[in-house]
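# Report on the structure
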Amino acid sequence: MNIEGSVALVTGANRGLGKAFAEALIGAGAAKVYAGARDPAAITDPRLTPVSLDVTQSVSVAAAAERCGDATILINNAGILLGRPMLAAGSEQAMRQEMEVNVYGVLAMMRAFAPILARNGGGAIANMLSVVSWFTSPLNATYGASKRAALAVTDAARMELKAQGTQVIGIYAGFVDTDMAAGIDRPKTSPRQVAERTLEGIRAGVDHVLADERAEQVRHDTRFKPEAFAAGLQALWDGRAAGVGR
Ligand SMILES: NC(=O)c1ccc[n+]([C@@H]2O[C@H](COP(=O)([O-])OP(=O)(O)OC[C@H]3O[C@@H](n4cnc5c(N)ncnc54)[C@H](OP(=O)(O)O)[C@@H]3O)[C@@H](O)[C@H]2O)c1
């Protein structure tokens, strides 16, 4: 679909990738961009329309759907990472919190906006997933579980919404240069690149956007060298357990 003239809603648009998505949409000629944020006062760019939105609160999601009835694009970007190994202390609570935002938040937004997009001609939903939707990193295992579940939610919604003409995209990236990855000393992709590749994917009508080199590499390795990839993850965990570090 065309970005020009579209009306988009981005969740978690006050910082990081969400901010980059909102700016890229404006740059590409969107007629209106609703910037969803838990604190709408944090949206200071006058080109954006602030919308109060906590994706874990059903009242908030319903109010946003009421407010953004002209939306044609939904970008489910909001997410949290609590960084727990699967069996670590507090992992169950961390996974519940991550699931609330990264999975149930995405599901609630899609359910609320699917009828709106249908009414407005079909449109597109783009869900910010991750390379860890494809494999389980032992260090951020609970987050990975949520991103893997979010991939299943995305794939199911794509099938259910095809008949109404709504494109449903999964977006995959490695480390992106935002607050979320601030503590990670690895090469990072710019949020702008992820946003631009996503808009290209919306224009092209694709189902999946590999938004950086790491996503391309991981996609290849998990499909074609799964044993070597798994051995690398085991070595990562064993090295950490032995005090070698991340
Ligand atoms: N950074 C990476 O390396 C990376 C890689 C792959 C995928 N991702 C994914 O990309 C997305 C954006 O991440 P980011 O890197 O931009 O992270 P970030 O800098 O930590 O920003 C997260 C955003 O999500 C919002 N948010 C959190 N909980 C929310 C809730 N309950 N309701 C509404 N908004 C909420 C935050 O709002 P507040 O300011 O109110 O907290 C913030 O705007 C996430 O889905 C993340 O999992 C990130």
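In what follows, the structure referred to is the one given above.
Residues numbered from 1 in each chain as written. Predicted model: local features only at pLDDT ≥ 70, side-chain atom pairs only at ≥ 80, totals over all residues. Heavy atoms only, no water.

## Notes on the site of the ligand
Around the ligand, a shell composed of 28 residues is seen, among which N14, R15, R38, Y143 and T178 lie nearest. A distance of 2.6 Å is found between an oxygen atom of the ligand and a side-chain nitrogen or oxygen belonging to Y143. Summarising the interface, the protein chains cover 92% of the accessible area of the ligand, which totals 900 Å² for the free molecule. Contributions of two or more residues to the shell around the ligand are made by helix 1 (16-27) and helix 4 (141-161). Looking at side-chain class alone, the shell around the ligand contains 14 nonpolar, nine polar and five charged residues. (Near = heavy atom within 4 Å. Polar contact = N/O pair within 3.5 Å; in protein donor to acceptor, adjacent residues only side chain to side chain. Areas by Shrake-Rupley, 256 points an atom, 1.4 Å probe, with all protein chains shown as cover. Helix = DSSP H or I, 4+ residues; strand = E, 2+ residues; numbered from the N terminus. Nonpolar A, V, L, I, M, F, W, Y, C, P; charged D, E, K, R; others polar.)

## Observations concerning the packing of helix 3 (residues 91-119) against helix 4
Between two packed helices, the angle of one axis relative to the other and the distance separating the axes together describe the packing. Interhelical geometry of helix 3 versus helix 4 gives an angle of 15° and a closest axis separation of 8 Å. Taken together, the axes of helix 3 and helix 4 lie roughly parallel to each other. As helix 3 packs across helix 4, the resulting crossing turns out to be right-handed. Where helix 3 approaches helix 4, its residues S91, A94, M95, E98, M99, N102, V103, L107, M110 and A114 are matched on the opposing element by T142, Y143, A145, S146, K147, A149, A150, V153, A157 and L161. Across the contact of helix 3 with helix 4, the residue classes tally to 14 nonpolar, four polar and two charged. (Axes fitted to C-alpha atoms, helices over the stretch in contact; angles between N-to-C directions. Parallel < 35°, antiparallel > 145°, perpendicular 65-115°, else oblique. Left-handed = near helix turned anticlockwise from the far one by under 90°. Contact = heavy atoms within 4.5 Å.)

## Quick notes on the packing of aromatic side chains
For the coordinates displayed, the defined rule picks out two aromatic pairs. Centroid distance W134 to Y172: 4.5 Å. Interplanar angle 25°. Geometry classified as stacked. Of this pair, W134 sits in the loop between strand 5 (124-128) and helix 4 while Y172 sits in strand 6 (residues 167-172), placing them 38 residues apart in sequence. Of the two residues, W134 and Y172, neither departs from the other in class, the shared state being buried. Ring centres of F135 and F229 lie 4.9 Å apart, and the angle between their planes is 75°; on these two criteria the pair is classed as edge-to-face. With F135 in the loop between strand 5 and helix 4 and F229 in helix 7 (residues 226-241), this pair connects stretches of sequence that are 94 residues apart. The same class applies to F135 and to F229, which are both buried. (Phe/Tyr/Trp six-rings, centres within 6.5 Å; stacked < 30°, edge-to-face > 60°. Buried < 20%, exposed > 50% of the residue type's maximum accessible area, 1.4 Å probe, protein only.)

## Thoughts on the environment of G27
Summarising the element assignment, G27 is placed in helix 1. A residue is classified by how much of its surface remains accessible, and G27, at 67% relative accessible area, is exposed. When the C-alpha atoms of G27 and D155 are compared, they prove to be 29 Å apart, with 128 residues separating the residues in sequence.

## Some remarks on the side chain of Q167
Along the chain, Q167 turns up in strand 6. Exposure remark for Q167: the relative accessible area of 13% places this residue in the buried category. Polar side-chain contacts of Q167 include one of 2.8 Å to the backbone oxygen of V206. Once residues lying within four places of it in the same chain are set aside, the contact partners of Q167 are M1, G123, A124, I125, G201, I202, G205 and V206.

## Comments concerning the nonpolar core
Among the nonpolar cores identified, the biggest contains 33 residues, and V10, F21, L25, V33, I171 and V194 are the most heavily contacted of them. For this core, the secondary structure elements donating two or more residues are strand 1 (7-10), helix 1, strand 2 (32-37), strand 4 (73-76), strand 5, strand 6 and helix 5 (191-204). The element that contributes the greatest number of residues to this core is helix 1, accounting for seven residues. Look past the residues within four positions of I171 in its chain and what remains in contact with it is F21, A126, N127, M128, L129, S130, V194, T198, V209 and A211. Of all hydrophobic cores here, the second largest spans 28 residues; its members include A64, A65, M99 and V103. (Core = buried A, V, L, I, M, F, W, Y, C linked by side-chain atoms within 4.5 Å.)

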